[in-house]
Every structure is written in structure tokens, then in C-alpha cells.
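Residue-level listing of the chains:
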Amino acid sequence: MVFRILIKIKPKHSIKSYAIIVIFFAVLQNQKPLNFITYYFISSQTSEAISKRKELLLKEKYLKATQCEYIYDTILIIQGESANKHHMSVYNYSIDTTPFLNTLSHSSNFYKYDIIAPSNQTRFSVPMMFTDADIHSWYEKYSNSVSLITKLKRCGFQTHWISTQSKTGRHEDAITSIAQEADDVVFLANTALQDEIILQHVQNRDTKLTTKQAYIFHISGSHFRYSSRYKDHKLYNNASTIVQEYDNSIFSTDFLLGEILKSFSKNKKTLFVYFSDHGEVVSPDKAGHGYYPSYKDEFDIPFIMYSGIVNPRLRFNENNQKRLNGESINHILEYVIGITQDKNFSYSDTVFSLTPKTKSIIKS
Ligand SMILES: [Zn+2]
């Protein structure tokens, strides 16, 4: 019976119908329900890249710190989440969502940059911001490069990765591989995923450490659902719209940034850095990131640096004022910290829209 059906169907399958199936899949591969097939291939490629990286990192394990040039003895990097710069008053939003950064912006050693995220997905963006992985060769360069963390360790920094995000899963594994490069890895799993839990950890740290310290705080920031991202520190006590809830999450992150910097105020040679993995679409009818096709709001992120000391390298972009691409944030930081002289930064308009295979151009 089955055989007869196959015989019957076979002649109807012309080249044209196969072509239609291929086009159909090509168009819908990033839409539900077909996107699970795309995710399967991406996940296995990523797992392979993580395994390759493991071997690379093993070789680093017993390397001794070498003599390095560097300007700072304390580095504070806050890797934000889903922060759209158009919702931050420090980037000219009309509502005062970032009072701490506004005040800090009056300091002479404060810098904010024009930049786009290289991807609208955390798991591709964060590795591009910390390793050599880039838009054109994500898997290969991710597999074959150590992150900024190892580069700092080579220079004698004690490194800390403090996260309020999840440790494992389809979205997290490539980032956890980077986190594990640090000397001290802490996942502050908390049910509400509120970032203020970081402050307890920072306040309880050993302040007598004499070696150079680098902290990376991977926060939950403004990830959906926004109303669960803040608690005590908010702009609207009774947020009634999704935009107000989102703005509350930005306000709460701004408070966190201020408290982190305050906790390290005794250290003068401090570099304080804040950027987001990607932006966010925030409107009553649409909210989130990881859209395909994507929206510009998913790529418009903040990138802010404040230095406790005068450092002319922070003005690296002053002459051309061109919009940067976040794929080279690690290279920018290496240059600003002083461990490299290389100023070859990315000003590309190309980004990943959802996956490394679906690239798009973000116009200025
Ligand atoms: Zn994200």
C-alpha cells in the first residue's frame, strides 16, 4: 500500500516543487515552527566551537603572568542586557532614567560612544564583545581565541566574573565558556534575577587584595519581563505601561552602576565600563529582541567609560566620531587599558539578525 502511494506521488515531484520547498524553508527558517531546525544546527556548531575552545584554554591554565604595559589596577566592566540607549537620559532620552550617569557625565574623564551591537542575540553578541569572534568569522574566531579575561590574567590581573544570568542552556553555554576563564566565577542565581544582589557580593569582597583586580559583572539589566528586573529603585512606583516598566529597569541599572563605582571609590586607578549586549524594541504592541527581520532599536546600545585617572587613549574616536561596531569592544578595552597598541577597531554597519547566517546592515 505504502509502495503504491509512493509510486503515485513520485511523478508529481518535479524540480519545480523541490525548488518551492527549498525557497519555502529559506524564507521561513527563522520563523516558528521551522526555526527549531535552524536552532539545532546552530546549537551543534556552537557546541563544537566550545569544545575546541576548551582545549585552547587548557593550555593557558598553567601560564605565568608576564610583564605587561597597563594603566589601571582596577577594572570594572558591567556587561549590560537589553539596554536601548534611546531610553537613557545620558543619551538624550527626555525622561531622566539615568541620573547617576548624567552626573558622572560632567566629570572630565567620562566618555560615551556611538556604537551598534553586533547581534540582536546575547549568545552571539557577548562572545564578540569579549573574544576575537566577529561578524565575518564567528565560529572560527570564537573557537580559536581567548577572551579579554585571559589577556588580563596574562598581565597579572586577578579576574572575577559575577553573573546574575543563567549558567547553562542553549543561550548561555558560549558565554559560560568565557566566564570560566576568570579566576573567580560566581553565578548569583536568584529567582527574581534582580541585579541588586550583586551589591551584597561586592560589599563582602576582600578589600585587602593587593593584586590588580578586574571584575566583569554580567547583569540581567532590562531583559524581558521588565517588571521583574527592579525592586526598591524605580522611577515609577506604579508603572502602568510596558514603556514605564522598561524605563524602571533602566533606572534600576543606573542605580546599580552608581553603587558599584562607589564601592570601589578608594581605588584611583580605576576604569569603569558599561555597555549592553544588544538593544531592545520597546512599544505597547511589540517588546523584546531577537526579531527577524530585525529592528534598529535592537542594535542601538550604550557604551560608556569613566576613568579615575587621565587617559588620552579614551579619546581614540575623537577625530573621526564614526559609529563603532561592538564586535571590537574587547580590542577597544585592551587599547584603553594599555595592554595593546593596536587601534584596529570595527566601524562596520553589518550585524547578525538573529543568526550568523542572516546578516543585515544597520544604517546610521
Ligand atoms: Zn541579551
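Quick note: structure is the one above.
The structure displayed is predicted, hence computed values, not measured ones.

Cut-offs and rules
Residues numbered from 1 in each chain as written. Predicted model: local features only at pLDDT ≥ 70, side-chain atom pairs only at ≥ 80, totals over all residues. Helix = DSSP H or I, 4+ residues; strand = E, 2+ residues; numbered from the N terminus. Buried ≥ 20, exposed ≤ 12 C-beta atoms within 10 Å, placed from the backbone. Contact = placed C-beta atoms within 7 Å. Pairing = 2+ DSSP bridges. Axes fitted to C-alpha atoms, helices over the stretch in contact; angles between N-to-C directions. Core = buried A, V, L, I, M, F, W, Y, C linked by C-beta atoms within 7 Å. Arc of directions from axis to C-beta.

(A) Quick peek at the overall build of the chain. Across its full length, the chain carries 11 helices and 13 strands. Within the chain, the proportion of its 364 residues that are buried is 39%. The contacts of the chain with a sequence gap of at least 6 include a subset with a gap of at least 24, amounting to 70%.

(B) Examining the sheet that holds strand β1 (residues 74-80) more closely. On the basis of which strands lie adjacent, the open sheet formed by 7 strands has the order β2-β10-β7-β1-β6-β4-β5 and mixed pairing. Each edge of the sheet is formed by a strand with only one pairing partner; in this case those strands are β2 (110-112) and β5 (184-187). Looking at each pair of strands side by side, their axes are set apart by 10° on average, direction ignored. The pairing of β1 with strand β7 (residues 270-276) spans 7 bridges and is classified as parallel. If you follow Q79 over to β7, its bridge partner there is F275. Lying over the sheet, helix α11 (residues 329-337) contacts β1, β7 and β10 (303-307), oriented at roughly 170° with respect to β7.

(C) Main features of the nonpolar core. Of all hydrophobic cores here, the largest spans 68 residues; its most connected members are I78 and V273. In terms of residue count, helix α10 (residues 242-263) provides more of this core than any other element does, 6 residues in total. Sequence-distant contacts of V273, that is, excluding residues within four places in its chain, are made with L76, I77, I78, M305 and L333.

(D) Inspection of α11 at higher detail. Among the residues making up α11, those that are buried are I329, N330, I332, L333, V336 and I337. End-on, the buried residues of α11 take up no more than an arc of 160°, which puts them together on one face. At its buried positions, α11 is contacted by β1, α5 (122-130), α7 (148-154), β7 and β10. A positive backbone phi angle near 105° is found at G338, which sits one or two residues after α11.

(E) Inspection of the pairing of β7 at higher detail. Of all 7 residues that make up β7, 6 are buried, and the element is covered over most of its length. Relative to β10, β7 is paired through 5 bridges, and the arrangement is antiparallel. When the sheet's bridge partners are listed, V273 is paired in β10 with M305.

(F) Broad picture of unusual backbone geometry. Omega for the bond connecting F224 with R225 falls within 30 degrees of zero, at 0°, which places this linkage in the cis form. Summarising the element assignment, R225 is placed in the loop between β6 (213-218) and α10. At S82, a residue that is not glycine, the phi angle is positive and equals roughly 55°. Inspection of the secondary structure assignment puts S82 in the loop between β1 and α4 (99-104). Taking the C-beta count within 10 Å as the criterion, S82 has 30 such neighbours and is therefore assigned buried.

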